[in-house]
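Coordinate analysis (summary)
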Amino acid sequence: HMASPVDAHTAQWLPSEEYRAQAPGRYAALTHGRTHYRLAGSGAATAEQPLIVCVHGIASEGMVWQHFVSHFIALGRTVLVFDLFGRGYSDATPAHNNLELFVGQLSELLDHADVRAAVRTDTIDLVGLSLGGAISAAFAAKYPERVRKLILSAPAGLGLPSKGLRILRYILSWQLSQSLFMGTVRMFNAEQKSLTLLLGSGVADPTDPDSIAFQQMRTARVSTIAKSCPGYLSSLISTMGHFELDTMHDHFTALGKARSEFMVVWGDQDRVVLFSDAALLTQLAPSARLHVIEGMGHIDHVVIKRFRDQFHAAAQSYLMA
């Protein structure tokens, strides 16, 4: 796929060239914009030990997987992380930020000539968190032959968004209407408020030193993204408005039929994608193997070491079996 020429409407969504030059990875030009990705590990990928692909959540970016990546490359695996459209260093797009857009992004990235030249992508192990779990579930249901093993961590798509996400939606939509009159300062404030809210509800214990450090790092990172990527907030709003956050039942049913097994990891203290959704998922897809981590919130397993260790051990026993 060739990237289409950028028109004036799309240009206002794109990250600044100065910001893009700081990107640590590489770019693939896809239908809806340039996608920033990083390949880590030896590049050796076999049918038995294929490429591991990680898909991040709604207000996040590929770099949140850094500890997971380190763990698995130490075991000899090759890992691909990338930034969803409108996040991290990837282009934002005025196209609806829905399931179809992001499943297409992942599919095109795996088929991109530069990626295929570096690593085998015909079969992958796929790991998705939150919104990334929803995208991974739909991808695996659509392309069952491409996914060897699948791990969904608190996937979105089933329950009505939790109180935290509903508040986020209200803040974002109100701030967007304000910003049309008040300029980008309000936009920036909206991002800070909503991010603090999302991170605060994403960890089980916001007072934990790891939680505080992560929240400070993400808040600083988002302030950078907010200033450099005019499409970031609009992408969040588009996702809240257009992504199938609570209507993916058919995808999970199809996934259950397509796969003899897959792993689902959930923290019993998740207040963003509620733990109660796990029971519904296992009803829709009886082949799901549910692994519950006690005391864990929505993103603790990328934030706090003891939860990271539990998540990595569970993922390792499944992916390396």
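Structural data are supplied above this passage.
Here we summarise the structure given alongside this text. In this text, all values refer to a predicted model and were calculated from it rather than measured experimentally.

**Some thoughts on the overall build of the chain**
- Helices and strands together make up the secondary structure of the chain, namely 13 helices and eight strands.
- By the burial criterion, 55% of the 321 residues in the chain qualify as buried.
- Here the analysis covers contacts within the chain between residues at least 6 apart in sequence; of these, 77% occur between residues at least 24 apart.

**Focus on the packing of aromatic side chains**
- Counted under the stated rule, the structure contains six aromatic pairs.
- Measuring from ring centre to ring centre gives 6.3 Å for F102 and F243, while their planes differ by 35 degrees; the resulting arrangement is tilted. Residue F102 is found in helix α4 (residues 99-111), and its partner F243 is found in the loop between α10 (231-242) and α11 (249-258); the two are separated by 141 residues along the sequence. For the pair F102 and F243, a shared accessibility class is recorded, and that class is buried.
- Relative to Y143, the ring of F139 lies with its centre 4.9 Å away and its plane at 50 degrees, an arrangement referred to as tilted.
- Among the aromatic residues, ring-to-ring pairing joins W65, F68, F72 and F311 into one connected group.
- Residue placement shows K149 over the ring face of Y318; its charged tip is 4.7 Å from the ring centre.

**As for the sheet that holds strand β1 (residues 26-30)**
- Taking strand neighbours across the sheet as the criterion, the eight strands line up as β1-β2-β4-β3-β5-β6-β7-β8 in an open arrangement whose pairing is mixed. Strands with a single pairing partner mark the edges of an open sheet, and in this sheet they are β1 and β8 (288-293). Averaged over all pairs of adjacent strands, the angle between strand axes in this sheet comes to 25 degrees, irrespective of strand direction.
- Both β1 and strand β2 (residues 33-40) contribute to a ladder of five bridges, which runs antiparallel. Among the inter-strand pairings, A29 is bridged to a residue of β2, identified as R34.
- Against the sheet, helix α12 (residues 277-284) touches β7 (262-267) and β8, its axis set at about 165 degrees to β7.

**A few points about the pattern of salt bridges**
- One pass over the structure, following the stated rule, counts 14 salt bridges.
- Between R116 and D111 there is a salt bridge; the shortest N-O distance is 3.2 Å.
- A residue is classified by how much of its surface remains accessible, and D111, at 37% relative accessible area, is partly exposed.
- A salt bridge links E261 to R289; the nearest nitrogen and oxygen atoms lie 3.0 Å apart. Of this pair, E261 sits in the loop between α11 and β7 while R289 sits in strand β8, and the two are 28 residues apart along the sequence.
- Judged by relative accessible area, E261 falls into the partly exposed class, the value being 28%.

**Remarks on the pairing of β7**
- β7 sits mainly inside the fold: six of its six residues count as buried.
- Neither face of β7 is exposed, since F262, V264 and W266 on one face and M263, V265 and G267 on the opposite face are all buried.
- Bridging between strand β6 (residues 147-153) and β7 involves three bridges; their strand directions are parallel. Paired with L152 across the strands is V264, a residue of β7.
- Where β7 lies against β8, six bridges are found, and the strand directions are parallel. Across the sheet, residue V265 finds its bridge partner in β8, namely H291.
- Taken together, β7, α12 and β8 form a β-α-β motif whose crossover is right-handed.

**Remarks on the packing of α11 against α12**
- Between α11 and α12, the least distance of the axes is 8 Å, while the angle of their chain directions is 50 degrees. In terms of orientation, α11 lies oblique with respect to α12. Two secondary-structure elements touch here, α11 through H249, F252 and T253 and α12 through L280, L281 and L284.
- Of the residues assigned to the contact of α11 with α12, the class counts are four nonpolar, two polar and no charged.

**Describing α12**
- Listed as buried for α12 are D277, A278 and L281. Taken around the axis of α12, the buried residues stretch over an arc of 100 degrees, which confines them to a single face.

**Details of the side chain of T93**
- Among the structural elements, T93 can be located in the loop between β4 (79-82) and α4.
- Look at T93 and you get buried, because its relative accessible area is 4%.

What counts and what doesn't
- Residues numbered from 1 in each chain as written.
- Predicted model: local features only at pLDDT ≥ 70, side-chain atom pairs only at ≥ 80, totals over all residues.
- Heavy atoms only, no water.
- Helix = DSSP H or I, 4+ residues; strand = E, 2+ residues; numbered from the N terminus.
- Buried < 20%, exposed > 50% of the residue type's maximum accessible area, 1.4 Å probe, protein only.
- Contact = heavy atoms within 4.5 Å.
- Phe/Tyr/Trp six-rings, centres within 6.5 Å; stacked < 30°, edge-to-face > 60°.
- Lys NZ or Arg CZ within 6 Å of the ring centre and 35° of its normal.
- Pairing = 2+ DSSP bridges.
- Axes fitted to C-alpha atoms, helices over the stretch in contact; angles between N-to-C directions.
- Salt bridge = Lys/Arg side-chain N within 4 Å of Asp/Glu carboxyl O.
- Right-handed = clockwise from strand over helix to strand, strands pointing away.
- Parallel < 35°, antiparallel > 145°, perpendicular 65-115°, else oblique.
- Nonpolar A, V, L, I, M, F, W, Y, C, P; charged D, E, K, R; others polar.
- Arc of directions from axis to C-beta.

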